[in-house]
Amino acid sequence: MSITRIDRTSPPGPMMSRCVIRGDMVYLAGLTARDRSADITGQTRQILDQIDHYLAQAGTDKSNLLQANLWITDMANFSSMNAVWNDWVDPENPPARACVKADLAVPELLVEIMVTACR
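Notes on the structure follow.

Basis of the calculations
- Residues numbered from 1 in each chain as written.
- Predicted model: local features only at pLDDT ≥ 70, side-chain atom pairs only at ≥ 80, totals over all residues.
- Heavy atoms only, no water.
- Disulfide = S-S within 2.5 Å.
- Buried < 20%, exposed > 50% of the residue type's maximum accessible area, 1.4 Å probe, protein only.
- Pairing = 2+ DSSP bridges.
- Helix = DSSP H or I, 4+ residues; strand = E, 2+ residues; numbered from the N terminus.
- Axes fitted to C-alpha atoms, helices over the stretch in contact; angles between N-to-C directions.
- Contact = heavy atoms within 4.5 Å.
- Phe/Tyr/Trp six-rings, centres within 6.5 Å; stacked < 30°, edge-to-face > 60°.
- Salt bridge = Lys/Arg side-chain N within 4 Å of Asp/Glu carboxyl O.

Overall, the coordinates contain 0 disulfides when judged by the stated rule. We note that Cys19 lacks a disulfide partner, and the nearest cysteine sulfur, in Cys118, lies 13 Å from it. Judged by its relative accessible area of 0%, Cys19 falls in the buried class. Overall, the relative accessible area of 21% leaves Cys118 in the partly exposed class.

The following block contains the structure:
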């Protein structure tokens, strides 16, 4: 079974693929906001837009999410982040999900999200 890698990155940052497809499985890397000056709401929206983009490239959408891992730097931001998530996620097909507090690679980043989906 072939593997398709979308949006491969290269040094000086980490070498990785932002989206990997094998068969009917789609794996997204931990995604962060491009505009790091945005608040938690703005950063979360940016990431969910990226998820929609990569899932579309892989031939699927958020209704096929299986799992989501979310990392936030401050649990005081959980409600605001979760409100954006709840507005976005398919209410009939929510994935299994975990959300934990973590230090992220860059201090301006407030949230990182990684998902797995099927096609």
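We are not done yet, so read on.
Right, let's get into the sheet that holds strand β6 (residues 111-118). Within a sheet, adjacent strands bond to each other through the backbone by hydrogen bonds, running parallel or antiparallel. Read from one edge of the open sheet, 6 strands run β1-β2-β3-β6-β4-β5, paired in mixed fashion. The two strands at the open ends of the sheet, each matched to only one other strand, are β1 (3-8) and β5 (96-101). Each strand of the sheet is rotated relative to its neighbour by a mean of 10°, with strand direction disregarded. Of the pairings in the sheet, the one linking β1 to strand β2 (residues 17-22) comprises 5 bridges and is antiparallel in character. Across the sheet, residue Ile3 finds its bridge partner in β2, namely Arg22. In the packing of helix α1 (residues 40-57) onto the sheet, contacts are made with β1, β2, β3 (25-28), β4 (65-72) and β6, and the angle to β6 comes to roughly 25°.

Going through the model one piece at a time under the given rule, you end up with 1 aromatic pair. Centroid distance Trp85 to Trp88: 5.3 Å. Interplanar angle 55°. Geometry classified as tilted. Residue Trp85 and its partner Trp88 are both found in helix α2 (residues 78-88); the two are separated by 3 residues, about one turn of the helix. By relative accessible area, Trp85 is classed as buried at 4%.

Overall, the coordinates contain 1 salt bridge when judged by the stated rule. Linking Asp7 and Arg18 is a salt bridge whose minimum nitrogen-to-oxygen distance equals 3.5 Å. Note that Asp7 is positioned in strand β1 and Arg18 in strand β2, a separation of 11 residues in sequence. Relative accessible area serves as the criterion here: at 23%, Arg18 is assigned to the partly exposed category.

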